Amino acid sequence: MVKGTKAHLARAERLQGATGALATAAMAAMEDKLPWFAKLSAQDRSWIGLVAQSGISAFVEWFRDPDAHSSMPTRIFGSAPREFTRVISLHQTVDLVRTTIETIETTIGTLLPPDDVPIVHEAIQRYAREVAFAAATVYAQAAEMRGAWDARLEALLVDSVIRGEADESVRSRASALGWTGAAGTTGSAEVAVVVGRAGDTETTSNVADMVRQAAREAGADALCAIQGDRLVVVLGGTSKPVEIVQKLAQWFGPGPIVVGPVVKDLMSAVTSARAAVAGLRAAVAWPGAPRPVQADELLPERSLSGDGHARRQLANEVYGPLTVGDGVLLDTVSAYLDSGGSIEATARAMFIHANTVRYRLKRVADITAYNPLDPRDAFTLRVALTLGRLLNPEPGTTVL
């Protein structure tokens, strides 16, 4: 192929005259050889036909002068709408290019003189490689744009959950990101919010992808966002978030990881988020806390740091039940804590048998889920009793 000669220009003109027949033959071959092509809508097939025709016309221009039209293979996809990459996959696009090239190679012999055929065959092979690279570029750019958009949408969703602005639109947008809202492998559709420190800035770019993948492998949905120095993960499809978070811990930075309480769905996730955020703020007061730690395990620290929800929870769920009846359990656990955790000293102070003290303390543990004999639980009970007295709930009532 010697560009610029009269023979070459004449050959390009003859090729130009055959573009209509080549485009028609290419479309017919797609219908015949590609089963998925026939299942597309008429509009989508029309766009693909336009791209094929554009590609053949671009080939002619490139054939006429490759140096002057070096960008032509990339520009042929400009006639397709942005949604083109969502309609068919890259693999299917390669099938289209291959089918079109094969059609040209098998048809060109009936449309051009025999002397033109070898030269055009050689040119089409070179051009096909350029088109393949162009297609890969188009799909890579589309994937990058979708990834950036998805990341922004995910960050907005997580922010809505944290700020308590979740509504029906949050559910639909989460669905667009792959959130199923259905029970995962643990058999639950419930939700929990997890908060911890983000890792180094150099490694945060792919943290969200890694967290989502690890959560998916563990059988849970996940929405993930980095908010300043904080990594927030919304887990769905599990009633045992701590077990899931243990598999995600490596993607958090150093320091505590706090798991909010499980709630029924994404719309209720603000309750879990509020507890998790408050827990992260207060976790510094418990250096020996497990990692991850549940927000409810940090109720005393959260109360001391100013979390009103934690204060009311301790007053209502721990102190309140002990005030019901004659108050003997409240008196016993108070005396036990005041005696420094000595059952014998408590028995002497209350003029009762030590076994009676043990029995009552067991009742306290059964009612409140906090065992006075455990140092950590005893601390929680001490804070709960102090708050209950300050808030002064009547027996059987609830602190609002």
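For every chain, the first residue of its written sequence is number 1, and the numbers climb from 1 along that sequence. Owing to the predicted nature of the model, reporting of local features is limited to residues with pLDDT of at least 70; listing and counting of side-chain atom pairs is limited to 80 or more, with chain, interface and lining totals taken over all residues. Each side-chain value is derived from all of the structure's non-hydrogen atoms; neither hydrogens nor water enter the calculation.

**Digging into the confidence of the model for the chain**
Argument step 1. The predictor attaches a confidence to each residue, called pLDDT, with possible values from 0 through 100. Here the chain shows a mean pLDDT of 81. Residues at 70 or above account for 78%.
Argument step 2. Throughout residues 183-187 the model reports pLDDT below 50, and contacts reaching past four residues in sequence, or to other chains, amount to 10 contacts. Contact definition: two residues touch when any of their heavy atoms are within 4.5 Å.

**Here's the deal with the sheet that holds strand β2 (residues 221-227)**
Argument step 1. We call two strands paired when DSSP finds no fewer than two bridges between them. Under the scheme used here, helices are H or I runs from DSSP no shorter than 4 residues and strands are E runs no shorter than 2 residues, and both carry numbers assigned from the N terminus. Pairing in this open sheet of 5 strands is mixed, and the strands run β2-β3-β1-β4-β5 from one edge to the other. The open sheet has two free edges, formed respectively by β2 and β5 (293-294), since each of these has just one partner strand.
Argument step 2. For strand β1 (residues 191-197) and strand β4 (residues 257-259), the ladder comprises 3 bridges, and the chain directions are antiparallel. Bridge pairing in β4 places Val194 opposite Val259.
Argument step 3. Convention adopted: a line fitted to C-alpha atoms gives each axis, helices being fitted over their contacting stretch, and angles between N-to-C directions are expressed from 0 to 180 degrees. On the sheet, helix α10 (residues 207-217) packs against β2 and β3 (230-236) and is oriented at approximately 160° with respect to β2.
Argument step 4. Contacts between helix α12 (residues 269-282) and the sheet are confined to β1, β3 and β4, with β1 contributing the most and set at about 25° to the helix.

**A short note on the packing of helix α14 (residues 308-323) against helix α18 (residues 375-391)**
Argument step 1. Orientation of α14 relative to α18, taken along the N-to-C sense of each, is 95°, at an axis distance of 8 Å. The angle between α14 and α18 places the two elements in the roughly perpendicular class. Between α14 and α18, the residues in contact are Arg311, Leu314, Ala315, Val318, Tyr319 and Leu322 and Thr380, Leu381, Val383, Ala384, Leu385, Leu387, Gly388, Arg389 and Leu391, respectively.
Argument step 2. For this classification, Asp, Glu, Lys and Arg are treated as charged, while Ala, Val, Leu, Ile, Met, Phe, Trp, Tyr, Cys and Pro are nonpolar and the rest, including Gly, are polar. Across the contact of α14 with α18, the residue classes break down as 11 nonpolar, 2 polar and 2 charged. In these notes the angle categories are as follows: under 35 degrees is roughly parallel, over 145 is roughly antiparallel, 65 to 115 is roughly perpendicular, and the rest is oblique.

**Concerning the pairing of β3**
Argument step 1. Buried residues are those whose accessible area, probed at 1.4 Å on protein chains only, stays under 20% of the maximum for their type, while exposed residues exceed 50% and partly exposed ones sit between those limits. With respect to burial, β3 is a largely interior element, 6 of its 7 residues being buried.
Argument step 2. Note: β1 against β3, 7 bridges, orientation antiparallel. By the bridge assignment for β3, Gly196 is matched with Leu231.
Argument step 3. Across 7 bridges, the pairing between β2 and β3 is antiparallel. Looking across to β3, one finds that Gln227 is bridged to Arg230.

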